[in-house]
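Structural overview
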Amino acid sequence: MLEIKPIINALRRSKVGAILLLIQIAITTAIVSNAAFIIQDRMTYLQQETGYPEQDIFSITVMTYGKDRDLSQQFEEDEALLRNLPGVVDAALSNAVPLSGSGSASGMGLKPAPEPGRNVRAGYLFGDDHMLNTLGVELMEGRNFASDEVIVTQDPGKVPNVAIVSSTFALEAYPDGDGLGKLMYMGDKPFKIIGIVDKMKGPWLKDDRPDNVVIFPYIKAETYQHIIVRTEPGQRATVMQTVEDKLLAAYDKRVFTNVITLDENKRQYNASDTLMLRMLMVLIVVLVAITALGIFGLTLFNISKRTRQIGTRRALGARKSDIIRYFLVENTLICSGGLIIGCTAAVLMGQQLLQRFSLPALEFQYVAGTAIMVLVMTLVAVIFPARRAAQISPSVATRSI
Amino acid sequence: MFLHYIDLGWRSLRRTPLVSFLMVLAIALGIGITMTSLSVYHMMSMDPIEHKSSRLFHPQLQTMDDGEDTWSEDNLPYQLTYQDAKNLAEAPFPQYKAAMLRTGFTVHLDNSEIRPFIQNTRVTHSDFFTLFDLSFIYGSAWTQEQADAASPVAVISEELNQKLFGGENSVGRQIYLDDTSFRIVGVIAPWETHMKFYDVNNGAFNSQESIYIPFSLIAAMDINTWGNSNGWKFQNIRSMKDKRQSEIFWLQFWVQLEDEAAVSQYGDYLMSYMAEQQKFGRFNREQLEYGLRDVNAWLDYRNVVSEDNEVLVALSFMFLAVCLANILGLLLAKFMRRAPEVGVRRALGASKRQVFLQHIIEVSMLGLIGGLMGIGIAQLGLWGVRLTQEYYSPLATMDLTMLLSAPVIAISACVIAGLYPAWLVCRTTPATYLKTQ
């Protein structure tokens with residue numbers, strides 16, 4: 001009923017057009033399924049929850065060159081100034097800004113060095129008892145730092161003895177989930193875990209442990225320093241505009257750079273992923289359009305070559321729907337061939353990408369999804385020329401004989 | 001004859017405007033997308049110092065205990081400890097060598113004219129300028145005496161000189177780095193490369209530093225790095241002095257070695273140096289190991305070209321292939337429809353070769369137009385790249401090589417696509433078509 005045999009016979013007589021279509025469909029399937037998979041992978045990465053109310057937080061970097069003031073004292077005053085600004089929820093001095101791509105990390109030991117023992121890598125932040133509130137994260141277990149636990153010093157010998165950690169870190173260090181109250185070591189210095197935060201990301205989203213974060217109640221004011229500020233919702237832009245001048249008015253032998261929002265910081269860190277995402281999207285859209293156009297063009301060409309043949313068939317009693325069906329079946333046949341090759345190529349290409357680059361393994365549903373999409377697309381591209389073919393009058397067949 | 005073919009080609013293109021437009025569009029899109037990713041790739045993988053990249057080497061020393069890991073693929077540390085960098089720099093061999101690190105200062109002139117600003121600074125030996133072929137607009141590098149005395153002297157970039165002194169000869173003038181007054185001894189011309197190949201730790205495509213000061217100031221001024229420090233064992237670091245004596249890796253080092261003999265001689269030197277250091281009990285290893293890569297090997301080793309970019313280049317060439325298959329189909333349709341006309345030409349005496357050539361020239365014209373339009377599309381694409389990723393701004397441009405290769409790739413692609421249709425059409429037997437006339 002589907003007249004497959006005559007279609008195949010006809011195809012054999014004009015191989016080139018069919019082969020070209022087949023190649024296009026195969027390459028399109030291979031590229032689109034892999035690109036769609038990479039896009040999905042990056043989307044998940046870019047849209048992940050960081051645990052922070054990013055839209056309300058910004059940070060300032062300050063480099064102090066004046067030597068006539070005590071830095072710790074100056075920063076205490078700055079923090080007080082910032083916390084009292086209208087629209088500001090809280091502010092805290094920090095050695096690093098989360099999500100910014102720059103910060104410090106270390107292996108946190110379960111035994112004091114140099115005793116051998118397991119180390120768990122974590123990014124760490126230094127901040128006072130306002131840090132949690134400034135970052136807008138909530139404690140899941142335990143308590144915040146008490147203000148007398150915060151060590152403000154320039155003496156590297158003095159260190160705090162407590163820490164607040166992220167739940168991911170706590171679970172990796174103490175897999176039984178009983179990390180609260182336990183000890184961990186940085187070098188030979190012990191720290192008691194007094195609080196666990198449900199979710200917060202470290203400075204590097206692309207770290208192999210992006211969720212491992214430790215906060216120490218420690219302020220060692222440095223000439224190069226970050227201040228993190230959280231504002232009331234909607235107040236951030238207003239606060240950011242004036243903050244530099246206000247701080248400079250308090251003390252001017254310093255330079256403020258990088259007054260930057262947390263989401264912008266994240267955007268910059270992830271710019272290359274966004275770029276990849278956009279390039280791939282453009283590639284897919286243009287590719288699909290070009291392939292559709294190609295199929296459209298080739299079918300038109302086929303029809304114009306076969307005008308007389310179609311006319312003859314119509315004259316011999318074929319209905320319009322028969323003609324349309326003929327082209328649809330022909331196209332589906334070619335397309336299936338292309339899809340078989342394309343899916344194989346997609347899987348092979350996925351394996352190559354997996355081997356050569358740090359990309360995850362291609363999931364099969366992307367290949368299947370692409371195959372279905374390509375099939376639908378080719379059918380849509382063929383239906384208009386096929387309908388036009390069906391309009392060919394039977395008299396064409398008789399005219400020039 | 002050639003001009004005649006061009007004329008024929010042009011007429012033929014104009015006769016079927018829609019098909020011609022589709023073909024040009026396909027090749028333009030293919031070339032546009034390919035050139036966008038290829039341009040970024042080209043700029044990323046370009047040799048940053050072509051005339052001597054094979055003579056500049058970055059040594060690596062394996063000074064970790066057995067069983068310790070670092071991030072590199074061959075487990076050699078990327079950087080050197082301060083003591084090793086200093087010792088290697090003070091060694092008699094080879095002639096040109098420089099240890100270095102990146103730091104930064106607040107720059108001001110101690111007056112209210114210019115608001116203080118932060119500037120990245122490279123702390124290095126004076127050979128730095130010789131190694132990397134930097135030319136001086138004013139003055140010169142600091143002298144050995146100044147380096148030995150840890151004098152506060154600085155070489156600045158032309159750009160900074162413009163900003164601070166309006167571009168005039170500033171040798172002898174003072175600038176303040178934090179609260180220390182430095183005397184300018186030289187102003188260097190802009191770097192010829194966009195790549196910070198000598199220190200790829202914090203972004204190989206960031207701009208080069210604007211201030212250069214003597215290496216001896218690291219100890220004299222307790223300068224810390226603004227780049228990466230990587231440790232492998234616990235050491236109690238309480239001061240910069242501790243850090244300088246520690247096993248932390250935080251300095252880069254480059255040497256110039258003229259030939260194979262010098263390279264292997266230096267390799268031997270590095271081995272004997274490590275053996276000597278091991279005797280001091282610094283590290284505990286069975287097998288000593290060193291690395292000595294030239295500029296291009298080093299950039300490859302440090303994965304300077306981003307993987308994403310390589311994936312994109314591969315994908316866009318496949319995309320170009322799809323565009324070609326498309327054009328091939330359209331050309332086939334177009335040429336075959338013209339078979340009767342070709343039949344007449346053949347009957348009138350045109351040889352197969354001439355017919356073939358005529359059609360190849362026609363597709364080359366398609367390629368040329370498509371290639372030129374492709375450059376336009378690529379510019380649009382590169383603009384998008386610069387908009388998304390500011391860091392790529394110096395990379396997302398087409399240099400002359402890329403501008404020229406766009407039409408070349410386009411034309412050769414079109415010729416490849418046109419070979420089969422042109423061959424098919426030139427085989428036309430005149431008789432078949434003359435019969436029905």
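These numbers come from a predicted model, not from an experiment.

**Here's the deal with the interface of chain B and chain A**
You'll often see interface size given as the accessible area lost when the parts meet. Counting residues at the interface gives 38 residues for chain B and 39 residues for chain A. Where the side of chain B that touches chain A is concerned, the elements lending two or more residues are helix 2 (17-44), strand 3 (117-124), helix 11 (307-337) and helix 13 (352-388) of chain B.

**Regarding the UniProt feature "domain: ABC3 transporter permease C-terminal" (unreviewed entry) in chain A**
Residues given the UniProt feature "domain: ABC3 transporter permease C-terminal" (unreviewed entry) here are residues 281-394 of chain A. With 86% helix and 0% strand, the stretch residues 281-394 of chain A has end C-alpha atoms that lie 46 Å from each other.

**Notes on the UniProt feature "transmembrane region" (unreviewed entry) in chain B**
All names here are of chain B. Taking the UniProt record as the reference, the feature "transmembrane region" (unreviewed entry) is found at residues 21-44, 311-335, 356-382 and 402-425. Here residues 21-44 is 100% helix and 0% strand, with 34 Å between the C-alpha atoms at its ends. Across residues 356-382, helical content stands at 100% and strand content at 0%; the span's end C-alpha atoms are separated by 37 Å.

**So, the packing of helix 2 of chain B against helix 13 of chain B**
All names here are of chain B. For the pair helix 2 and helix 13, interaxial distance at closest approach is 6 Å and the crossing angle is 45 degrees. Taken together, the axes of helix 2 and helix 13 are oblique relative to one another. Classified by chirality, the crossing of helix 13 by helix 2 is right-handed. Split by residue class, the contact of helix 2 with helix 13 holds 17 nonpolar, eight polar and no charged.

**Comments concerning the UniProt feature "domain: MacB-like periplasmic core" (unreviewed entry) in chain B**
Per the UniProt record, the feature "domain: MacB-like periplasmic core" (unreviewed entry) sits at residues 20-266 of chain B. Regarding residues 20-266 of chain B, the helix share stands at 28% and the strand share at 23%, and the terminal C-alpha atoms are separated by 62 Å.

**Overview of the environment of B:Met373**
Residue and element names in this part refer to chain B. Within the secondary structure, Met373 sits in helix 13. Taking the number of C-beta atoms within 10 Å as the measure of exposure, Met373 has 19 and is therefore partly exposed. Considered as a pair, Met373 and Gly32 are 341 residues apart in the sequence and their alpha carbons are 7.7 Å apart. Not counting residues up to four positions away in its chain, the partners in contact with Met373 are Val24 and Ala28.

**Side note on the UniProt feature "domain: MacB-like periplasmic core" (unreviewed entry) in chain A**
Within the UniProt annotation, "domain: MacB-like periplasmic core" (unreviewed entry) is assigned to residues 25-241 of chain A. End C-alpha to end C-alpha, residues 25-241 of chain A measures 54 Å, and it is 25% helix and 32% strand.

**Brief notes about the sheet that holds strand 1 (residues 57-64) of chain A**
All names here are of chain A. If you trace the four strands from one edge of the open sheet to the other, you get 2-11-1-12, paired in antiparallel fashion. At either end of the open sheet lies a strand with only one pairing partner, and these are strand 2 (88-94) and strand 12 (254-261). Direction aside, neighbouring strands of the sheet carry axes that sit 20 degrees apart on average. Of the pairings in the sheet, the one linking strand 1 to strand 11 (residues 224-231) comprises seven bridges and is antiparallel in character. From the neighbouring strand, Val62 faces strand 11, where its bridge partner is Gln225.

**Some details on helix 7 (residues 262-269) of chain A**
Residues and elements named next belong to chain A. Listed as buried for helix 7 are Leu262, Asn265 and Lys266. Viewed end-on, helix 7 has its buried residues packed into an arc of 95 degrees, placing them on one side of the element. Close packing links the buried residues of helix 7 with strand 1 and strand 12.

**So, the packing of helix 3 (residues 71-84) of chain A against helix 6 (residues 236-250) of chain A**
Residue and element names in this part refer to chain A. Viewed as axis vectors pointing N to C, helix 3 and helix 6 meet at an angle of 140 degrees, and their least axial separation amounts to 11 Å. Accordingly, the angle class assigned to the pair helix 3 and helix 6 is oblique. Viewed along their axes, helix 3 and helix 6 form a crossing whose handedness is right-handed. Residues Glu77, Asp78 and Leu81 of helix 3 form the contact with helix 6, whose participating residues are Lys246, Leu247 and Ala250. Here the residues of the contact of helix 3 with helix 6 sort into three nonpolar, no polar and three charged.

What counts, and at which threshold
Counting restarts for each chain: residues are numbered from 1 in the order of the written sequence. Written order decides the labels, with chains lettered from A and ligands numbered from 1. It should be noted that, the model being predicted, local features are given only for residues of pLDDT at least 70 and side-chain atom pairs only at 80 or more, the latter also being counted only at that level, while totals for whole chains, interfaces and linings use all residues. Note on contacts: each residue gets a C-beta atom placed from the backbone, and two residues are in contact if those atoms are within 7 Å. Numbering of helices and strands runs from the N terminus; a helix is a DSSP stretch of H or I covering at least four residues, while a strand is a stretch of E covering at least two. UniProt positions are given in the numbering used here, feature names are shortened, and annotations may be inferred rather than shown by experiment. Angular values range over 0 to 180 degrees, each being the angle between N-to-C directions of two axes fitted as lines to C-alpha atoms, with helices fitted over their stretch in contact. Angle categories: roughly parallel below 35 degrees, roughly antiparallel above 145, roughly perpendicular from 65 to 115, and oblique for all the rest. A crossing counts as left-handed when the near helix is turned anticlockwise from the far one by less than a right angle, and as right-handed when that turn is clockwise. By the convention adopted, Pro, Cys, Tyr, Trp, Phe, Met, Ile, Leu, Val and Ala count as nonpolar, Lys, Arg, Asp and Glu as charged, and the other residues, Gly among them, as polar. Counts of 20 or more other C-beta atoms within 10 Å of a residue's own C-beta define buried residues, counts of 12 or fewer define exposed ones, and intermediate counts define partly exposed ones; C-beta atoms are placed from the backbone. Criterion used throughout: strands pair if DSSP finds at least two bridges between them. The directions considered for the arc are those from the helix axis to the C-beta atoms.

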